[in-house]
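# A look at the structure
Residue strings, one per chain:
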Amino acid sequence: MSEQLRGLDTRLGRWAPLLVALATAGLASTRLSAKSLWHDEAFTLAVASSEADAFWQAILQHESFAGLYYGIMRLWSPPWTTEAGLRAPSVLFAALAAATCYAIARDLFGHRVAALSAMLLAINVLFIRYAQEARAYSLALWLVALATWALIRAVERPSLSRWLLYGLAAAVAVYAHFFAALVIAGHMISLVVHRTLVPWRRVAAAAAFGATLV
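Summarised in this report is the structure supplied together with it. (Residues numbered from 1 in each chain as written. Predicted model: local features only at pLDDT ≥ 70, side-chain atom pairs only at ≥ 80, totals over all residues. Heavy atoms only, no water.)

Quick look at the overall build of the protein chain now. The secondary structure content of the protein chain amounts to eleven helices and zero strands. Expressed along its principal axes, the backbone C-alpha trace of the protein chain runs to roughly 55 × 45 × 25 Å. Taking all 214 residues of the protein chain together, 38% fall into the buried category. Restricting to contacts in the protein chain with at least 6 residues of sequence separation, those with at least 24 account for 74%. In the protein chain, the 17 positive side-chain charges and the 11 negative ones have mean positions that sit 12 Å from each other. (Helix = DSSP H or I, 4+ residues; strand = E, 2+ residues; numbered from the N terminus. Buried < 20%, exposed > 50% of the residue type's maximum accessible area, 1.4 Å probe, protein only. Contact = heavy atoms within 4.5 Å. Lys, Arg positive; Asp, Glu negative; His and termini not counted. Charge placed at Lys NZ, Arg CZ, Asp CG, Glu CD.)

For soluble globular proteins, nonpolar side chains are generally found buried alongside one another. Grouped together as the largest cluster of nonpolar side chains are 22 residues, with contacts concentrated most on Tyr 69, Tyr 70, Leu 139, Trp 142 and Leu 143. Elements supplying a minimum of two residues to this core: helix H2 (39–48), helix H3 (52–62), helix H4 (67–75), helix H5 (83–109), helix H8 (137–156) and helix H9 (160–176). Among the elements that take part in this core, H8 stands out by supplying five residues, more than any other. Every residue in contact with Leu 143, bar those within four places of it in the chain, is listed here: Leu 68, Ala 169, Val 172, Ala 173 and Ala 176. In this structure, Val 20, Val 91, Tyr 102 and Leu 121 belong to the second largest nonpolar core, which totals 15 residues. (Core = buried A, V, L, I, M, F, W, Y, C linked by side-chain atoms within 4.5 Å.)

So, on to the side chain of Ser 50. Counting through the fold element by element, Ser 50 comes out in the loop between H2 and H3. In this structure Ser 50 comes out as buried when scored by relative accessible area, which is 18%. A polar side-chain atom of Ser 50 sits 2.8 Å from the main-chain carbonyl oxygen of Val 47. In this structure Ser 50 touches Phe 55 and Arg 74, once residues within four positions along its chain are discounted. (Polar contact = N/O pair within 3.5 Å; in protein donor to acceptor, adjacent residues only side chain to side chain.)

At Arg 31, a residue that is not glycine, the phi angle is positive and equals roughly 55°. Assignment of secondary structure puts Arg 31 in the loop between helix H1 (2–28) and H2.

Now for the environment of Ala 181. Topologically, Ala 181 is positioned in helix H10 (residues 180–193). In the structure, Ala 181 is positioned 113 residues away from Leu 68 in sequence and 15 Å away in space, judged by C-alpha atoms.

Bringing the packing of aromatic side chains into the picture now. The description of two aromatic rings rests on the distance between their centres and on the angle between their planes. In total, this model carries six aromatic pairs according to the counting rule given. Relative to Tyr 137, the ring of Tyr 130 has its centre 5.3 Å away and its plane inclined at 80°; by these criteria the two rings are edge-to-face. Taking relative accessible area as the criterion, Tyr 130 reaches 30% and is therefore assigned partly exposed. We classify Tyr 137 as partly exposed; its relative accessible area is 34%. Note that Arg 74 overlies the ring of Phe 55, its terminal NZ or CZ placed 4.5 Å from the centroid. (Phe/Tyr/Trp six-rings, centres within 6.5 Å; stacked < 30°, edge-to-face > 60°. Lys NZ or Arg CZ within 6 Å of the ring centre and 35° of its normal.)

On their own, these measurements won't tell you what the molecule is for.
The structure is reproduced here in structure tokens:
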């Protein structure tokens, strides 16, 4: 019986990130078109659908703090004829964020804690609210979570490639929203606290790589 339970636990752990992502997407998609666009969402639409010169001017001079998000929205192929269509990428990023948070908790505490933490995130009111906005917040959350996961893997199984991957993830997160830099700073502080576990030369290479990209 115990072997059957272990087998079930393994299968659930394998499929859990996908189930978490689907559940989050389902919750975030509920009444996605119920509200009209508010000012900032309308601004997202204006920037993403502007002429090429105006778009690049906005990205390089005024809206660089969320340039990655505007670039993704510009490439978003369906026409922005409905509120749901404009907000759909945020739903996707929220689903990816929930799945990544599951992976973080699983690596640190196991499948059961990961499932509970992912469920609590998926039903969090503020999380769902910002998953339903055509703004950069859910993208930034996902990329910050991805950088955190990369950091954990680099610390647990250190290699130069894993540390450079963390530097890349951290830099991309900052391109999603500059407040992500505060989380990266928190990562660095955590490394100082646990400095005996850290290969500092590789950390320095990752930091230099990420800083160069930013």
